[in-house]
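# Residue-level structural notes
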Amino acid sequence: MRTRTGRAERRWPRWVYDGGSEPDPRWSFANERTFLAWLRTGLALISAGVALDVIDLSLDDAVQHLLAVVLVLLGLLSTALAWVQWARAERAVRRGDPLPSTPFSAVLALGLVLCAGVVLASMA
C-alpha cells in the first residue's frame, strides 16, 4: 500500500496485512471494537481476581486465593488471546475467508461458572 508521499507503508504484523485487499473500514472497526471488548473483559477479570483475594469471604484462604489466581489467569489469557483473535479475523476479512472461531469463549465461560459456583456455595 502506498501513502500520500509515495512511500510503501509497512504495517505490522505483516502476516495479517501481507495478502488480500483492504476491506470495508466498517469490518476493521467492528473487529477492533471486539478486540477492545475482550481487553475490557480481561481487565475486569484481573480486577475481580485482585478483589477476591482482598475481600474476606467465608472460604478457606487457600481456596479463595486459588479462585483469585484463576480469575487473574483468565484475564491474562483473555487479553493475550484477544490480540491473536483480532489478527486472525483481520486476516480472514482481508482475504475473503470465513471468520475464524475460538474455543477460548467456552473455556472462559466454564472458568467463570466454576468460580461463581464456589463463591455461591461459600455464601450458603
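The structure presented is a predicted model; accordingly, all values stated were derived computationally and were not measured. (Residues numbered from 1 in each chain as written. Predicted model: local features only at pLDDT ≥ 70, side-chain atom pairs only at ≥ 80, totals over all residues. Heavy atoms only, no water.)

### A few points about the packing of aromatic side chains
Here is the rule: Geometry of aromatic contacts follows a simple scheme: Phe, Tyr and Trp rings, the Trp one being its six-membered ring, pair when their centres are within 6.5 Å, and the pair is stacked under 30 degrees between planes, edge-to-face over 60, tilted otherwise. Only DSSP runs of H or I reaching four residues or more are called helices, and only runs of E reaching two or more are called strands; each is numbered from the N terminus. Burial classes: relative accessible area under 20% of the type maximum marks a residue as buried, over 50% as exposed, and values in between as partly exposed (1.4 Å probe, protein chains only).
Summed over all chains, the structure comprises 3 aromatic pairs. Here Trp38 and Phe104 contribute two aromatic rings whose centre-to-centre distance is 5.9 Å and whose plane-to-plane angle is 55 degrees, an arrangement assigned as tilted. Placement of the pair is Trp38 in helix H2 (residues 25–54) and Phe104 in helix H4 (residues 104–123), with a sequence separation of 66 residues. Look at Trp38 and you get partly exposed, because its relative accessible area is 21%. Judged by its relative accessible area of 7%, Phe104 falls in the buried class. Joined through ring pairs, the aromatic side chains of Tyr17, Trp83 and Trp86 make up one cluster.

### Structural notes on the nonpolar core
A general feature of soluble globular proteins is that nonpolar side chains tend to end up buried together. Note the following rule: Here, nonpolar core means buried Ala, Val, Leu, Ile, Met, Phe, Trp, Tyr and Cys residues that are tied together by side-chain atoms lying within 4.5 Å of each other. Should any heavy atoms of two residues lie within 4.5 Å, those residues are counted as being in contact.
Within the largest apolar cluster, 10 residues are counted, these being Leu45, Leu52, Leu59, Leu67, Ala68, Leu71, Leu74, Phe104, Leu108 and Cys115. Residue assignment for this core shows that the elements contributing at least two residues are H2, helix H3 (61–95) and H4. If one sorts the elements of this core by residue count, H3 sits on top with 4 residues. Once residues lying within four places of it in the same chain are set aside, the contact partners of Leu59 are Gln64, Leu67, Val118 and Ser122.

### Digging into a nonpolar patch on the surface
Rules: Exposure above 30% relative accessible area and no salt bridge define the residues that can form patches, which grow by joining like charges within 9 Å and nonpolar side chains of Val, Leu, Ile, Met, Phe, Trp and Tyr within 5 Å. Reported accessibility uses the Shrake-Rupley method at a 1.4 Å probe radius. Residues are deemed covered only where the shown protein chains occlude them. We define a salt bridge as a contact between a side-chain nitrogen of Lys or Arg and a carboxyl oxygen of Asp or Glu at a distance within 4 Å.
A contiguous nonpolar surface patch, about 260 Å² in accessible area, is contributed by Val69, Leu73 and Leu76. Residue placement: Leu76 occurs in helix H3. Among the residues examined, Leu76 registers a relative accessible area of 53% and is labelled exposed.

### Observations concerning the layout of surface pockets
Inclusion rule: Buriedness for pockets is judged along seven lines, at least five of which must meet protein on both sides within 12 Å for an open set on the 1 Å grid over protein atoms alone, while cavities are sets there where a 1.4 Å probe fits but cannot get out, and lining residues have an atom within 4 Å of a point. Grid points are joined across faces, edges and corners, and a volume is the space filled by probe spheres set on the points. Any residue outside Ala, Val, Leu, Ile, Met, Phe, Trp, Tyr, Cys, Pro, Asp, Glu, Lys and Arg is labelled polar, Gly included; the first ten of those are nonpolar and the last four are charged.
Of the voids in this model, the largest pocket is the one considered here, and its volume is about 310 Å³. Lining the largest pocket we find 19 residues, and of these Asn31, Thr34, Gln85, Trp86 and Ala89 sit closest to its centre. Put simply, the parts of the chain that give the lining of the largest pocket at least two residues each are H2 and H3. No other element matches H3, which puts 9 residues into the lining of the largest pocket. Residues belonging to the lining of the largest pocket are distributed by class as follows: 13 nonpolar, 5 polar and 1 charged.

### Points about the pattern of salt bridges
In this structure the tally under the stated criterion is 4 salt bridges. Here Glu22 and Arg11 are joined by a salt bridge, their closest N and O atoms 2.5 Å apart. Residue Glu22 is located in the loop between helix H1 (14–17) and H2, and its partner Arg11 is located in the segment before H1; the two are separated by 11 residues in the primary sequence. The residue Asp24 makes a salt bridge to Arg26 at a minimum N-O spacing of 2.5 Å. Judged by relative accessible area, Arg26 falls into the exposed class, the value being 62%. Connected through salt bridges with shared partners, the residues Arg11, Glu22 and Arg94 form a single ionic network.

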